[in-house]
Amino acid sequence: MEFQKLSALSLKEMFIHQIRDLILSGQMPVGSRLPSEREIARQMQVSRAVVNSGFSELEKQGFLEVHPRQGVFVADYGKNGNINTLNAIMEYHGDTLGQGDIYSIIEVRRALEHLATDSIVKNSSNEDILGLEGLLEEVAAAKTIDDTVLATFSFHHKLSVISGNSIIPLIYISFKPVVTQLWKRFCMKYGKEALYDSVLCLYKCMKERDALAARRCTDKQLNEALEGGHQIF
């Protein structure tokens, strides 16, 4: 059994969590106006600075709209949110994502991985591909779920880099909180060895320069996550 690291939340983090909980639970519906900073600070017994900085962060995450001299309103985060919105939901409220949301994320990953592996087989040098072996060993040697997930992300990010497509690595980085959260969920249900097996499969396909096998490997793993024996929702 593995225990997760404990850490104390700051007042700002606690404020953000509480407001986000109220929004995601529907207790503060889209379009509703929040009380003034002064009133919220009084009720929650925190400083106005905590409230103000919390509002700013929640606005960046797509949950609030701040209109000077008009007030603070709950944003339509489902329609107008951004990657920070999805990251926040995944990091703190992973269970709120339904099957449809997870399916969409996995389908984006499928398309990116196909594009990356196709390009690697066609364009990358043998040295680039063999350079993945060290990252594969890091995944195998990882002692905790967190270490396994971080090593797996490093492997996939390196995969995107050696593909030669300059945009794919940027997309991988922007989706890091979302993807790693899904991998954590996967490892907690099926063990970190199963995640290593998926990385090993891809590496073997790259080493043999077999693009079709790489696609089959990716499709098998992701289909298992969606509707097979390794579902993550």
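Structure first, text after, so check above.
Since this is a predicted model, take the numbers as computed values, not measurements.

Remarks on the packing of aromatic side chains
- On inspection of all chains with the given rule, the structure shows three aromatic pairs.
- Aromatic pair Phe 63 and Tyr 77: ring centres 5.3 Å apart, planes at 50°, arrangement tilted. Of the two residues, Phe 63 is situated in the loop between α3 (48-60) and β1 (64-67) and Tyr 77 in helix α4 (residues 77-80); the sequence distance between them amounts to 14 residues.
- Seen from their ring centres, Phe 186 and Tyr 190 are 5.3 Å apart, and the 55° between their planes marks the pair as tilted. With Phe 186 and Tyr 190 both in helix α11 (residues 176-190) and four residues apart, this pair spans about one turn of that helix.

Description of the pairing of strand β2 (residues 71-74)
- Burial along β2 is two-sided: Gly 71 and Phe 73 and Val 72 and Val 74, pointing in opposite directions, are all buried.
- In this sheet, β2 lies alongside β1 in antiparallel orientation, the contact comprising four bridges. Looking across to β2, one finds that His 67 is bridged to Gly 71.
- Connecting the antiparallel pair β1 and β2 is a turn made up of three residues, with Arg 69 showing a positive phi of about 65°.

Let's talk about the nonpolar core
- In terms of nonpolar packing, the biggest core is built from 19 residues, with Phe 15, Ile 23, Leu 34, Val 51, Phe 55, Leu 58 and Leu 64 touching the most fellow members.
- Looking at this core, the elements that each hand over two or more residues are α1 (11-24), α2 (37-44), α3, β2 and α5 (83-92).
- Apart from the residues within four sequence positions on either side, Phe 55 is in contact with Phe 15, Leu 34, Glu 37, Ile 40, Leu 64, Val 66 and Val 72.
- Listed in part, the 18 residues of the second largest apolar core include Leu 182, Trp 183, Phe 186 and Cys 187.

Quick look at the pattern of salt bridges
- With the rule as written, the count across this model stands at seven salt bridges.
- Glu 107 serves as the salt-bridge partner of Arg 110, at 2.9 Å between the closest nitrogen and oxygen. Linking Arg 110 with Glu 107, this pair stays in helix α6 (residues 99-123), spanning three residues, or about one helical turn.
- By relative accessible area, Arg 110 is classed as buried at 11%.
- Across the pair Arg 215 and Asp 118 runs a salt bridge whose closest N-O atoms are separated by 2.6 Å.

Focus: empty space enclosed by the protein
- Summed over the entire model, instances satisfying the criterion amount to one cavity of 30 Å³ or more.
- There is about 110 Å³ of room inside the largest cavity.
- Forming the walls of the largest cavity are Ile 105, Val 108, Arg 109, Leu 112, Phe 153, His 156, Ile 171, Tyr 172, Phe 175, Val 179 and Trp 183.
- When contributions to the lining of the largest cavity are tallied by element, the ones reaching two or more residues are α6, α9 (145-162), α10 (168-174) and α11.
- Counting residues per element, the lining of the largest cavity draws most heavily on α6, which supplies four residues.
- Considered class by class, the residues forming the lining of the largest cavity number nine nonpolar, one polar and one charged.

A short note on unusual backbone geometry
- The phi dihedral of Arg 69 is positive, around 65°, even though this residue is not glycine.
- Tracing the backbone through its elements, the reader meets Arg 69 in the loop between β1 and β2.
- Unusually for a residue other than glycine, Arg 209 sits at a positive phi of about 55°.
- Tracing the backbone through its elements, the reader meets Arg 209 in the loop between α12 (192-207) and α13 (211-227).

Examining the layout of surface pockets
- Its volume calculated, the second largest pocket comes out at about 370 Å³.
- Forming the boundary of the second largest pocket are 20 residues, of which Phe 186, Ser 198, Gln 221, Leu 222 and Ala 225 lie nearest the centre.
- Here the element with the most residues in the lining of the second largest pocket is α13; it accounts for six residues.
- Class assignment of the residues belonging to the lining of the second largest pocket gives a composition of 13 nonpolar, three polar and four charged.

Rules and cut-offs
- Residues numbered from 1 in each chain as written.
- Predicted model: local features only at pLDDT ≥ 70, side-chain atom pairs only at ≥ 80, totals over all residues.
- Heavy atoms only, no water.
- Phe/Tyr/Trp six-rings, centres within 6.5 Å; stacked < 30°, edge-to-face > 60°.
- Helix = DSSP H or I, 4+ residues; strand = E, 2+ residues; numbered from the N terminus.
- Buried < 20%, exposed > 50% of the residue type's maximum accessible area, 1.4 Å probe, protein only.
- Pairing = 2+ DSSP bridges.
- Core = buried A, V, L, I, M, F, W, Y, C linked by side-chain atoms within 4.5 Å.
- Contact = heavy atoms within 4.5 Å.
- Salt bridge = Lys/Arg side-chain N within 4 Å of Asp/Glu carboxyl O.
- 1 Å grid on protein atoms, 1.4 Å probe; cavity = no way out; pocket = protein on both sides within 12 Å on 5 of 7 lines; lining within 4 Å.
- Points joined across faces, edges and corners; volume = space filled by probe spheres on them.
- Nonpolar A, V, L, I, M, F, W, Y, C, P; charged D, E, K, R; others polar.

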